[in-house]
Amino acid sequence: QCSAHCPVGAIFEKDETGKLLAAIRDPEKHVAVQIAPAVRVALGEAFGMEPGEISTGKIYAALRKLGIDAVFDTNFSADLTIMEEGSELVQRLTKGTGAIPQITSCCPAWTDFMEKYYPDMIPNFSTAKSPMMMQGAITKTYYAEKKKIDPANIYSAAIMPCTAKKYEITRCEKMYSSGYQDVDVVLTTRELARLIKAMGIDFASLKDEKADSPIGAYSGAGTIFGVTGGVMEAALRTAHKLITGKELEKVEVNEVRGVEGVRKGEVDIDGKKVKVAIAHGMANVSQILDEVRDAREKGEEPPYHFIEVMACRGGCISGGGQPYGTTDEVRKKRIAGLYKDDVNSAVRCSHENPEISQIYKEFLGEPLGHKSHELLHTGYTPRPLYRK
Ligand code: SF4
């Protein structure tokens with residue numbers, strides 16, 4: 001805990017496990033929990049497993065042992081994010097409906113930074129909410145309707161690798177799109193590990209279980225959201241299908257993989273060269289954004305079409321809520337774990353996830369449609385502190 005590092009014990013890590021326990025003990029509450037992509041390759045470390053070892057099935061089982069009513073997976077809504085954000089990218093590229101480059105917005109630490117230091121780039125931000133916020137919104141609407149549960153009685157919790165996600169759940173009024181607070185509490189990977197230990201659950205010996213349906217199934221594209229370059233790769237897999245009508249022969253987009261702090265490349269989609277850039281670790285972000293801003297001020301073509309930014313080095317696999325002691329060696333192992341989870345997935349692209357097709361058919365209609373805009377998209381506010 002942080003308190004262990006504070007010489008006078010005055011600084012404590014915010015621990016909200018008590019809120020989740022109170023909801024579980026409340027007979028009126030139907031408790032639904034989602035787990036983020038990066039949690040599955042790190043939580044096991046608290047129980048003697050190797051970094052990168054995939055413990056998804058054990059985490060689902062542990063959550064049920066804690067008394068959770070519905071166990072969902074943020075990877076499902078990562079697929080949903082791709083349907084919305086990929087469609088947005090395709091529209092910007094083919095119909096000129098928004099600013100180029102499109103910049104990813106699923107990292108709340110990054111969106112907060114951009115609102116303060118690059119507010120002129122708000123039009124470039126994807127309006128798609130983060131997977132966590134989409135999952136919360138559909139849990140209290142689509143899932144509630146299907147199961148005939150009053151959304152007022154649903155308690156929606158999220159297990160995240162990230163401390164900034166605790167801030168995101170009340171970031172703006174769009175975080176209440178269901179008519180209630182879409183996500184009620186965020187626990188970090190470390191908090192869940194502590195809770196599992198405190199409840200005496202023998203995590204290592206748990207048998208794998210499956211997530212609940214219909215908002216629990218995920219594709220390989222959804223799971224690589226936890227890795228730097230993963231959101232872009234997932235979006236490109238679906239953008240290719242949306243633009244060409246054809247599936248990629250090889251779904252791995254190696255041009256966007258790697259661990260360098262800034263990566264640039266070109267991806268060919270049906271003869272169109274899509275210029276991409278990836279930055280992770282906040283120190284690396286300004287380099288890319290300043291290139292975009294300079295080109296705009298000179299009236300030149302934007303240097304990129306699509307940019308992915310993650311505040312943490314390596315992406316969410318080394319987020320501030322993950323087990324302590326994240327070295328580059330640990331990062332590489334967790335990254336390898338998520339790529340393995342992708343390879344082992346029967347479905348590798350978000351648009352092929354059958355539960356994604358189901359939610360559009362039964363509830364949302366189409367990507368970027370009216371209901372999607374109400375529940376799955378957000379906006380940003382300039383809050384400049386400093387401007388060059
Ligand atoms: Fe959170 Fe870091 Fe992931 Fe951003 S990159 S969402 S700050 S864990």
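All of the points below concern the structure found in this document. All of these numbers come straight from a predicted model, not from anything done at the bench. (Residues numbered from 1 in each chain as written. Predicted model: local features only at pLDDT ≥ 70, side-chain atom pairs only at ≥ 80, totals over all residues.)

## Quick notes on unusual backbone geometry
Then step 1. For the bond running from Ile 100 to Pro 101, omega is 5°, close enough to zero to count as cis.
Then step 2. Positionally, Pro 101 belongs in the loop between α3 (74-95) and β3 (102-103).
Then step 3. Each neighbour pair has its own omega, and for Ser 213 with Pro 214 the value is 15°, a cis peptide bond.
Then step 4. Positive phi, close to 55°, is recorded for Asp 270, a residue that is not glycine.
Then step 5. The topology assignment puts Asp 270 in the loop between β6 (262-269) and β7 (272-280).
Then step 6. Here Leu 368, not a glycine, exhibits a phi torsion of approximately 65°, which is positive.
Then step 7. Relative to the elements of secondary structure, Leu 368 occurs in the loop between α12 (354-364) and α13 (370-376). (Helix = DSSP H or I, 4+ residues; strand = E, 2+ residues; numbered from the N terminus.)

## Describing helix α7 (residues 189-198)
Then step 1. Here α7 lies mainly inside the structure; seven of its ten residues are buried.
Then step 2. The secondary structure elements touched by the buried residues of α7 are α1 (17-25), α2 (56-66), β4 (154-160) and β5 (185-188).
Then step 3. At the C-terminal side of α7, Gly 200 shows a positive phi close to 70°. (Buried ≥ 20, exposed ≤ 12 C-beta atoms within 10 Å, placed from the backbone. Contact = placed C-beta atoms within 7 Å.)

## Some remarks on the site of the ligand
Then step 1. Around the ligand, the structure places Cys 107, Ala 109, Pro 161, Cys 162, Ala 164, Lys 165, Met 310, Ala 311, Cys 312, Gly 315, Cys 316 and Gly 319.
Then step 2. Looking at the shell around the ligand residue by residue, the classes come out as nine nonpolar, two polar and one charged. (Near = placed C-beta within 6 Å. Nonpolar A, V, L, I, M, F, W, Y, C, P; charged D, E, K, R; others polar.)

## A look at the sheet that holds β5
Then step 1. Taken in spatial order, the four strands line up as β2-β1-β4-β5 in an open sheet, and their pairing is parallel. In this open sheet, the two strands that pair with only one neighbour each are β2 (70-73) and β5. Taking each pair of neighbouring strands and ignoring which way they run, the sheet shows an average axis angle of 25°.
Then step 2. Where β4 lies against β5, four bridges are found, and the strand directions are parallel. Within β5, the position partnered with Ala 158 by the bridge is Val 186.
Then step 3. Lying on the sheet, α3 is in contact with β1 (30-35), β2 and β4; it crosses β2 at an angle near 45°. (Pairing = 2+ DSSP bridges. Axes fitted to C-alpha atoms, helices over the stretch in contact; angles between N-to-C directions.)

## Describing the pairing of β1
Then step 1. Counting buried positions over the six residues of β1 gives six, a clear majority of the element.
Then step 2. Where burial is concerned, the two faces of β1 agree: the one with His 30, Ala 32 and Gln 34 and the one with Val 31, Val 33 and Ile 35 are both buried.
Then step 3. Between the parallel elements β1 and β2, the chain passes through α2 in a crossover that is right-handed. (Right-handed = clockwise from strand over helix to strand, strands pointing away.)

## Some thoughts on the environment of Glu 209
Then step 1. In this structure, Glu 209 sits in the loop between α7 and α8 (220-223).
Then step 2. Its 17 C-beta neighbours within 10 Å are what place Glu 209 among the partly exposed residues.
Then step 3. Spatially, the C-alpha atom of Glu 209 lies 5.4 Å from that of Ala 61, the residues being 148 residues apart in sequence.
Then step 4. Ignoring any residue separated from it by four or fewer positions in sequence, one finds Glu 209 in contact with Gly 57, Tyr 60, Ala 61 and Arg 64.

## A look at the packing of α3 against helix α9 (residues 230-244)
Then step 1. One can describe the packing of α3 onto α9 by two numbers: an axis separation of 9 Å at closest approach and a directional angle of 55°. What the angle tells us is that α3 and α9 run oblique. Handedness of the crossing formed by α3 with α9: right-handed. Residues Ile 82, Met 83, Glu 85, Gly 86, Ser 87, Leu 89, Val 90 and Thr 94 of α3 form the contact with α9, whose participating residues are Ala 234, Ala 235, Thr 238, Ala 239, Leu 242 and Ile 243.
Then step 2. Residues belonging to the contact of α3 with α9 are distributed by class as follows: nine nonpolar, four polar and one charged. (Parallel < 35°, antiparallel > 145°, perpendicular 65-115°, else oblique. Left-handed = near helix turned anticlockwise from the far one by under 90°.)

By themselves these figures say nothing about function.
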